[in-house]
Amino acid sequence: LAKDAGGNRYQMFDPETERQSQIHRRALELIGLALARDEFVLHYQPKVDLLSGEVVGAEALIRWQHPELGLLFPGDFLSHVYGSKLEQALGEWVIHAALKQATQWAQCGLNVKLSINVSANHLLRSDFAANLLTALSSYPEVPRSSFELEVLETMAIGDMQQAIQTLQQCKEMGVRFSLDDFGTGYSSLTYLRKLPIDTLKIDQSFVRDMLTDPDDFGIVQGVIQLAKVFKLQVIAEGAETVEHIALLRQLGCHLVQGYGIAKPMPANMFPIWCNEWEKQRA
Ligand code: C2E
Ligand code: MG
Ligand code: MG
Ligand code: MG
């Protein structure tokens with residue numbers, strides 16, 4: 001969406017641009033109110049080990065429980081947040097909500113590694129690592145190695161030094177990093193070697209068509225090999241069918257996530273789902 005250009009450049013009045021920026025400003029007001037009214041929730045999608053079949057973790061995915069419109073998805077509202085003043089506030093909310101949930105689960109004996117998505121501008125703030133440390137210290141029952149941040153391959157564009165520094169600081173606290181949507185950015189191998197990450201997450205667009213498109217199959221196979229070379233863990237997202245899952249296992253992918261295992265679900269469903277999964281597995 002168009003944003004205010006800022007500065008004192010002269011601009012031609014364009015009604016469409018003006019309309020878009022009105023929508024954007026109003027959306028931000030509503031999102032700010034929703035944050036204050038606690039209307040955001042996290043849903044959780046399991047991550048499963050392809051060899052053992054064990055549930056090893058879950059990705060927290062934000063939803064907006066809108067009083068009139070029902071459940072809204074990130075695609076409905078996040079684009080307004082990116083680059084705005086709310087980006088940090090919403091990002092911090094996600095960190096706290098996930099740590100709170102992890103604490104509650106740990107207290108009932110459910111130990112899952114939680115992953116959260118962190119947006120580029122949030123991660124690249126100079127106070128990100130310090131705030132994360134404060135948050136982690138408020139939830140001492142969550143082992144730091146059980147907390148993973150999913151970041152986009154493109155996050156370091158613009159400020160590679162800052163990105164590496166922040167990642168390094170967070171790694172020193174014990175948290176883990178995953179490169180989300182891997183393959184859709186522009187990572188060079190040099191860049192990949194410089195980033196202190198633990199996991200490559202193969203983008204769902206490649207996984208979806210790998211059974212029919214030889215190029216996508218090649219990319220999935222290639223990323224799995226690359227992970228091996230760099231000694232990284234590799235996870236595939238968007239595995240929708242048993243065929244996807246079987247092929248990923250055959251290719252040596254470590255973990256899998258997708259509708260073929262389970263869709264993202266509300267927090268209260270997650271322990272129930274884990275129980276069912278364990279029963280089936282036995
Ligand atoms: P992502 O991190 O790559 O998350 C994967 C998305 O794919 C999720 O969509 C998930 O519900 C969906 N998905 C999972 N398995 C399948 C499958 O088998 N088939 C298909 N078609 N889709 C599948 P969702 O929840 O709508 O999130 C979309 C994106 O929004 C995320 O992509 C992430 O970039 C962003 N996002 C979500 N939650 C947060 C958050 O708390 N903070 C930030 N900064 N971004 C978030
Ligand atoms: Mg993700
Ligand atoms: Mg992804
Ligand atoms: Mg994505």
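Refer to the structure presented above.
To start, this report covers the structure provided alongside it.

Scoring rules and cut-offs
Residues numbered from 1 in each chain as written. Chains lettered and ligands numbered in written order. Predicted model: local features only at pLDDT ≥ 70, side-chain atom pairs only at ≥ 80, totals over all residues. Heavy atoms only, no water. Donors = N, O, S within 2.8 Å, 3.2 Å for Na, K, Ca; no water. Helix = DSSP H or I, 4+ residues; strand = E, 2+ residues; numbered from the N terminus. Salt bridge = Lys/Arg side-chain N within 4 Å of Asp/Glu carboxyl O. Buried < 20%, exposed > 50% of the residue type's maximum accessible area, 1.4 Å probe, protein only. Contact = heavy atoms within 4.5 Å. Polar contact = N/O pair within 3.5 Å; in protein donor to acceptor, adjacent residues only side chain to side chain. Arc of directions from axis to C-beta.

So, the coordination of the magnesium ion (ligand 3)
Protein-derived coordination of the magnesium ion (ligand 3) comes from Asp180 (OD), Asp181 (OD), Glu237 (OE) and Glu237 (OE), at a distance range of 2.0 to 2.4 Å. The distance between the magnesium ion (ligand 3) and the magnesium ion (ligand 2) comes to 4.2 Å, and Asp180 binds to both of them. Placement of the pair is Asp181 in strand E6 (residues 176–182) and Glu237 in the loop between strand E8 (233–236) and helix H10 (242–250), with a sequence separation of 56 residues.

Comments concerning the pattern of salt bridges
It is possible for side chains of opposite charge to pair when their charged atoms get near one another. If you walk through the whole model with that rule in mind, you get 12 salt bridges. A salt bridge links Glu18 to Arg25; its shortest N-O distance comes to 3.8 Å. For Glu150, the salt bridge goes to Lys201, with nearest N and O atoms at 2.8 Å. You can see Glu150 sitting in strand E5 (residues 147–152) and its partner Lys201 sitting in strand E7 (residues 199–202), a full 51 residues away along the chain. Judged on exposure class, the residue Glu150 and its partner Lys201 are both buried. Taken together, the salt bridges that share partners define one network made up of Lys47, Glu59, Glu148, Glu150, Lys201 and Glu237.

So, the environment of Gln257
Assignment of secondary structure puts Gln257 in the loop between strand E9 (255–256) and strand E10 (265–266). Among the residues examined, Gln257 registers a relative accessible area of 1% and is labelled buried. Separated by 56 residues in sequence, Gln257 and Lys201 have C-alpha atoms that sit 9.8 Å apart. Excluding residues within four positions of it along the chain, Gln257 makes contact with Gln45, Pro46, Lys47, Glu59, Lys201, Ile235, Ala236, Glu237, Gly238 and Ala239. In this structure the side chain of Gln257 is engaged in a polar contact, spanning 2.7 Å, whose partner is the side chain of Glu59.

Focus: H10
Those residues of H10 not exposed but buried are His244, Ile245, Leu247 and Leu248. All buried residues of H10 project into a common sector of 165 degrees when viewed along the axis, lining one side. The outward face of H10, more than 90 degrees from its buried face, is lined by the exposed residues Val242 and Gln250. On the buried face of H10, the contacting elements are helix H8 (204–209), helix H9 (214–229), E8 and E9. Taken from the residues just after H10, Gly252 is the one with a positive phi, measuring 90 degrees.

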